[in-house]
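Residue-level listing of the chains:
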Amino acid sequence: MKEKDNKELEELTTDMPKKKLPVWVKIVIGVVIALLVIGGIAYGVFSYNYGKIYVKDGADEKAQEEYFDEDTGIEDLKEIDPDKIHLDSADSVMQSKDVINILVCGEEAIGGGRGRTDSIMIATVNRKDGALRLTSIMRDTYVQIPGFSDNKINAAYHNGGMKTLIKTIHKNFGIDVDGYVLVNFDSFQQVIEALGGVDIKLAEDEVEYLNKTNYISEKSNRTLHVGVNHMNGNQALGYARIRYVQKDGQYGDFARTLRHRTVMSAIYKKLMDKSALELIAMVPKLMPLVKTNIDKADLVNYLYQGVEVRSKNSKLETLNVPVEGAYKITRVRSMSVILPDSLDKNVKAMQKFIFGSALGKEDGKGANISVGQ
């Protein structure tokens, strides 16, 4: 009897019409599956390459002999006794849960060993303001370097590694960073190559300088022209290092840091033009070219937050430090240096730019402010 009942039930269910899923449901299911697969592949690729870029805090922090530049052509600058220069510290140090600050540095390592930071920037994701910001600190800025003599800020990394540079930024500008990313000259060129080159507009004097000097190390690449140039890695590096040609009315280190921001903006624009699949395909090429102390979970979170802010506001805001009207150029220990004057003006401008509305109102919300550090 039981077998008969089962057979009748089977025949009944077989004869019932099968309900088809609507087309839109099938599309949604397909998209979800595709996203899960893409996300799984992306995370797998990311995890595999992460081990190649992570630097544990404290690694490569051995102190090196202090280095002081020997600048030429600065005879017209008044020499100041370093013992008579009083450098202040930032009155307050700031952090905010709504603001992510990543120190981005380019290392000039010539002749082996730990070099100096030719480029020092703070990349900011401000979730409260929905803004992406980039702050350049000029390498010739004369600051206090904890544990070492006062010097240009680009000497901090050379003297004591990234830990010392981070302490230097903390002490002088009152900014606590959430981690760092470091590239050298070779890896910078490879990053540009992996992106397929970048577009940068050149003036006539820039073209003349680049095509006649070794800033572009490969002679075959000295083929630039006035106007927009599609630059490869070797050309972009040469452009970023120009110091002795003015740009937009800026000279010296001011012109160079302006070019740094120009290159970073070009890189950012190139990344904006890439699809998700293209970006995933680039991960194995880009990740091994950098070094970072950010742990995997935080790095994934920071990237996610950056992409989320970018989707709502793709504009990249920039600032140069020291700021206009708050510095003087002088000579110390035969070096041409940029002396913050006053430091307080620079700290306030920098913190306002980076934290914006996250600085908080009278209700106490916003940035965590520690006084007197």
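How each quantity is defined
Residues numbered from 1 in each chain as written. Predicted model: local features only at pLDDT ≥ 70, side-chain atom pairs only at ≥ 80, totals over all residues. Heavy atoms only, no water. Helix = DSSP H or I, 4+ residues; strand = E, 2+ residues; numbered from the N terminus. Buried < 20%, exposed > 50% of the residue type's maximum accessible area, 1.4 Å probe, protein only. Contact = heavy atoms within 4.5 Å. Areas by Shrake-Rupley, 256 points an atom, 1.4 Å probe, with all protein chains shown as cover. Pairing = 2+ DSSP bridges. Core = buried A, V, L, I, M, F, W, Y, C linked by side-chain atoms within 4.5 Å. Phe/Tyr/Trp six-rings, centres within 6.5 Å; stacked < 30°, edge-to-face > 60°. Lys NZ or Arg CZ within 6 Å of the ring centre and 35° of its normal. Expected span 1.5 Å × (residues − 1). Arc of directions from axis to C-beta. Polar contact = N/O pair within 3.5 Å; in protein donor to acceptor, adjacent residues only side chain to side chain. Salt bridge = Lys/Arg side-chain N within 4 Å of Asp/Glu carboxyl O. pLDDT = per-residue confidence, 0-100.

### Considerations on the overall build of the protein chain
Now for step 1: Counting its secondary structure elements, the protein chain contains ten helices and 14 strands.
Now for step 2: The 373 residues of the protein chain split such that 45% are buried.
Now for step 3: Taking the intrachain contacts of the protein chain between residues at least 6 apart in sequence as the baseline, contacts between residues at least 24 apart amount to 71%.
Now for step 4: Roughly 20,100 Å² of accessible area belongs to the protein chain as shown, and the carbon and sulfur atoms make up 55% of that amount.

### Let's talk about unusual backbone geometry
Now for step 1: That bond from Val321 to Pro322 is cis: its omega, 0 degrees, falls within 30 degrees of zero.
Now for step 2: With respect to the element layout, Pro322 can be found in the loop between β11 (316-321) and β12 (327-332).
Now for step 3: Residue Ser342 follows Asp341 across a cis peptide bond; omega there is 0 degrees.
Now for step 4: Here Ser342 shows up in the loop between β13 (335-340) and α10 (343-355).
Now for step 5: Although it is not a glycine, Asp248 adopts a positive phi angle of roughly 50 degrees.
Now for step 6: With respect to the helices, strands and loops of the structure, Asp248 is situated in the loop between α6 (233-241) and α7 (252-272).

### Let's talk about the pairing of strand β2 (residues 99-108)
Now for step 1: Counting buried positions along β2 gives ten out of ten residues, so the element sits mostly inside the fold.
Now for step 2: Taking every second residue as pointing to the same face, both faces of β2 are buried, with Val99, Asn101, Leu103, Cys105 and Glu107 on one and Ile100, Ile102, Val104, Gly106 and Glu108 on the other.
Now for step 3: Pairing analysis gives five bridges linking β2 to strand β7 (residues 180-184), with the strands arranged parallel. Looking at β7, one finds that Cys105 is bridged to Leu182.

### A few points about the sheet that holds strand β4 (residues 131-137)
Now for step 1: If you trace the six strands from one edge of the open sheet to the other, you get β10-β7-β2-β3-β4-β11, paired in mixed fashion. One side of each edge strand has no neighbouring strand; the edge strands of this open sheet are β10 (291-292) and β11.
Now for step 2: In this structure, β2 lies alongside strand β3 (residues 116-126), joined through ten bridges in antiparallel fashion. Each residue of the ladder has a partner; that of Asn101, found in β3, is Thr124.

### Notes on the nonpolar core
Now for step 1: In this structure, Leu103, Leu165, Ile169, Phe173 and Ile175 are the most contacted members of the largest nonpolar core, which totals 34 residues.
Now for step 2: Taken together, the elements giving at least two residues each to this core come down to β2, β3, α3 (155-173), β7, β11 and α10.
Now for step 3: With residues up to four places along the chain from it excluded, the contact list for Ile169 reads Leu103, Ile120, Ile122, Ile137, Ile153, Gly174 and Ile175.
Now for step 4: One finds Val207, Tyr209, Leu224 and Ile267 within the second-largest nonpolar core, a separate group that totals 26 residues.

### Considering the environment of Asp178
Now for step 1: Examined against the element boundaries, Asp178 turns out to sit in the loop between α3 and β7.
Now for step 2: Judged by its relative accessible area of 29%, Asp178 falls in the partly exposed class.
Now for step 3: Residues Asp178 and Ile100 lie 78 residues apart in sequence; the distance between their C-alpha atoms is 6.5 Å.
Now for step 4: Non-local contacts of Asp178, meaning those with residues more than four positions away in its chain, are made with Gln95, Val99, Ile100, Asn101, Ile102, Ile294 and Tyr302.

### A few points about the packing of aromatic side chains
Now for step 1: Following the criterion strictly, the structure yields two aromatic pairs and no others.
Now for step 2: Judged by centre distance (4.7 Å) and plane angle (40 degrees), the rings of Phe254 and Tyr327 are tilted. On the criterion of sequence distance, the pair formed by Phe254 in helix α7 and Tyr327 in strand β12 is long-range, its members being 73 residues apart.
Now for step 3: We note Arg114 situated over the ring of Tyr157; from NZ or CZ to the ring centre the distance is 5.9 Å.
Now for step 4: Sitting over the ring of Phe353, Arg133 keeps its end group 5.8 Å from the ring centre.

### A look at helix α9 (residues 296-312)
Now for step 1: The end-to-end C-alpha distance of α9 is 25 Å, a good match for the 24 Å that 17 residues give at a rise of 1.5 Å each.
Now for step 2: Taken as a whole, α9 has its buried residues at Leu299, Tyr302, Gln305, Gly306 and Val309. One side of α9 holds all its buried residues, which, seen down the axis, span an arc of 130 degrees. Away from its buried face, by an angle of more than 90 degrees, α9 presents the exposed residues Ala297, Tyr304, Ser311 and Lys312.
Now for step 3: A distance of 3.3 Å separates the backbone nitrogen of Ala297 from a side-chain oxygen at the start of α9, and that oxygen is part of Asp295.

### Notes on the pattern of salt bridges
Now for step 1: Going through the model one piece at a time under the given rule, you end up with 22 salt bridges.
Now for step 2: As a salt-bridge pair, Asp140 and Arg139 come within 3.7 Å of each other at their nearest N and O atoms. Judged on exposure class, the residue Asp140 and its partner Arg139 are both buried.
Now for step 3: Residues participating in the shared-partner salt-bridge network are Asp69, Asp71, Glu108, Arg116, Asp118, Arg139, Asp140, Lys152, Arg241, Arg243, Asp253 and Arg256.

### Re the confidence of the model for the protein chain
Now for step 1: When pLDDT is averaged across the protein chain, the result is 84; 82% of the residues are at 70 or more.
Now for step 2: At the low end of the mean pLDDT range in the protein chain sits strand β14 (residues 368-371), at 52; at the high end sits strand β9 (residues 227-231), at 97.

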